[in-house]
Amino acid sequence: MAQQFNQQNVKKRTSTLVFLKGSTAPLVLYVENPEALYAELNNLMKSGSTAVVEKETQGPLKKVSFIANQIAALAIQEEQYV
């Protein structure tokens, strides 16, 4: 019965992970549309642009800035929480 209760309260959230060159941990960005952010950053990464990317997020990081050509990798992460 406890297992049923826990399964009912489990929610999922999706974030976009940005791995920057020279950094050991990724930036975990919680935004309203993580897939759109992933696509936007992927296009910037492919272009080699030196533009500054500045985003407001809904998670622990409220605002973040980085240079687009410093992106080493991107990922979409889905996690469960209660």
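Anything mentioned here points back to the structure above.
Residues numbered from 1 in each chain as written. Predicted model: local features only at pLDDT ≥ 70, side-chain atom pairs only at ≥ 80, totals over all residues. Heavy atoms only, no water.

Participant: Go over the packing of aromatic side chains with me, naming the residues and quoting the values.
Facilitator: A full pass over the atoms with the stated rule returns 0 aromatic pairs. Sitting over the ring of Tyr81, Arg13 keeps its end group 4.7 Å from the ring centre. (Phe/Tyr/Trp six-rings, centres within 6.5 Å; stacked < 30°, edge-to-face > 60°. Lys NZ or Arg CZ within 6 Å of the ring centre and 35° of its normal.)

Participant: Residue-level account of helix 2 (residues 34-47), with values.
Facilitator: Along its 14 residues, helix 2 runs 20 Å from first to last C-alpha, staying within 8% of the 20 Å computed at 1.5 Å per residue. The complete set of buried residues in helix 2 reads Pro34, Leu37, Leu41 and Asn42. Summarising the axial view, the buried residues of helix 2 lie within an arc of 135°, below the 170-degree limit, and thus occupy one face. Residues of helix 2 that are exposed and point more than 90 degrees away from the buried face comprise Lys46 and Ser47. The inward-facing, buried residues of helix 2 contact strand 1 (11-20), strand 2 (27-29), strand 3 (52-56), strand 4 (63-67) and strand 5 (71-81). The positive-phi residue at the C-terminal boundary of helix 2 is Gly48, with phi of around 70°. (Helix = DSSP H or I, 4+ residues; strand = E, 2+ residues; numbered from the N terminus. Expected span 1.5 Å × (residues − 1). Buried < 20%, exposed > 50% of the residue type's maximum accessible area, 1.4 Å probe, protein only. Arc of directions from axis to C-beta. Contact = heavy atoms within 4.5 Å.)

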